[in-house]
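A structural walkthrough
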Amino acid sequence: QVRLVESGGGLVQPGGSLRLSCVASESIVSIYIMGWYRQAPGNQRELVAGMTSSGVTTYADSVKGRFTISRDNAKNTVYLQMNSLKPEDTAVYSCKATKYNLNYWGQGTQVTVSS
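None of the values given here were measured: they were computed from a predicted structure. (Residues numbered from 1 in each chain as written. Predicted model: local features only at pLDDT ≥ 70, side-chain atom pairs only at ≥ 80, totals over all residues. Heavy atoms only, no water.)

Across the sheet, 4 strands lie side by side as β1-β3-β8-β7; this open sheet has antiparallel pairing. If you trace the sheet from one side to the other, it starts and ends with β1 (4–7) and β7 (67–72), each paired once. Direction aside, the axes of adjacent strands within the sheet are offset by 15 degrees on average. Both β7 and strand β8 (residues 77–82) contribute to a ladder of 6 bridges, which runs antiparallel. Bridge pairing in β8 links I69 to L80. (Pairing = 2+ DSSP bridges. Helix = DSSP H or I, 4+ residues; strand = E, 2+ residues; numbered from the N terminus. Axes fitted to C-alpha atoms, helices over the stretch in contact; angles between N-to-C directions.)

Now the structure itself:
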């Protein structure tokens, strides 16, 4: 079973930046997809960004140009760099790993964008 631990959330002002980290319990090279999702109260959970083990990335239209997903294979870590943050980015951000058609989730980290 893949275990995931997120960190890096917090309170930030509009226009600010945060970098979220997701550390996996095994080499991310062996995990087909690593992704970031978010869910705000009253909203459905949505995909924010994803990256395959081969380096293919995808982003939600609402975050394109502002968020970047990246990885450090040596540290078994996937990052989400979030710039130009907006109040509507406020949500619980969760890391997801897909391996052998099974999905694994971290516990989530709260991101709050407010002045």
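We now examine the environment of A74. Looking at the secondary structure, you find A74 in the loop between β7 and β8. According to the relative accessible area criterion, A74 is exposed, its value standing at 77%. It is 20 Å that separates the C-alpha atoms of A74 and G106, two residues lying 32 residues apart in sequence. (Buried < 20%, exposed > 50% of the residue type's maximum accessible area, 1.4 Å probe, protein only.)

This next bit is on the pattern of salt bridges. For the structure on display, the rule yields 5 salt bridges. Between R38 and E46 there is a salt bridge, and its shortest N-O distance comes to 2.7 Å. A relative accessible area of 6% means that R38 is categorised as buried. For R38, the salt bridge goes to D89, with nearest N and O atoms at 3.0 Å. Linking R38 in strand β4 (residues 33–39) with D89 in the loop between β8 and β9 (91–99), this pair joins segments that are 51 residues apart in sequence. (Salt bridge = Lys/Arg side-chain N within 4 Å of Asp/Glu carboxyl O.)

Take the pairing of strand β5 (residues 46–52) next. Counting buried positions along β5 yields 5 of 7 residues, so the element is predominantly enclosed. Here β4 pairs with β5 via 6 bridges, running antiparallel. Residue pairing for β5: W36 is matched across the bridge by A49. Direction of pairing for β5 relative to strand β6 (residues 57–59): antiparallel, over a ladder of 3 bridges. Residue pairing in the sheet places G50 in a bridge with T58 of β6. Where β5 hands over to β6, the hairpin turn is made up of 4 residues, of which G55 adopts a positive phi near 100 degrees.

Our focus in this paragraph is the pairing of strand β10 (residues 102–105). Relative to β10, β9 runs antiparallel, the two being bridged by 4 bridges. Counted as the bridge partner of K96 is W105 from β10. Between the end of β9 and the start of β10, which pair antiparallel, lie 2 residues, with Y100 showing a positive phi angle near 55 degrees.

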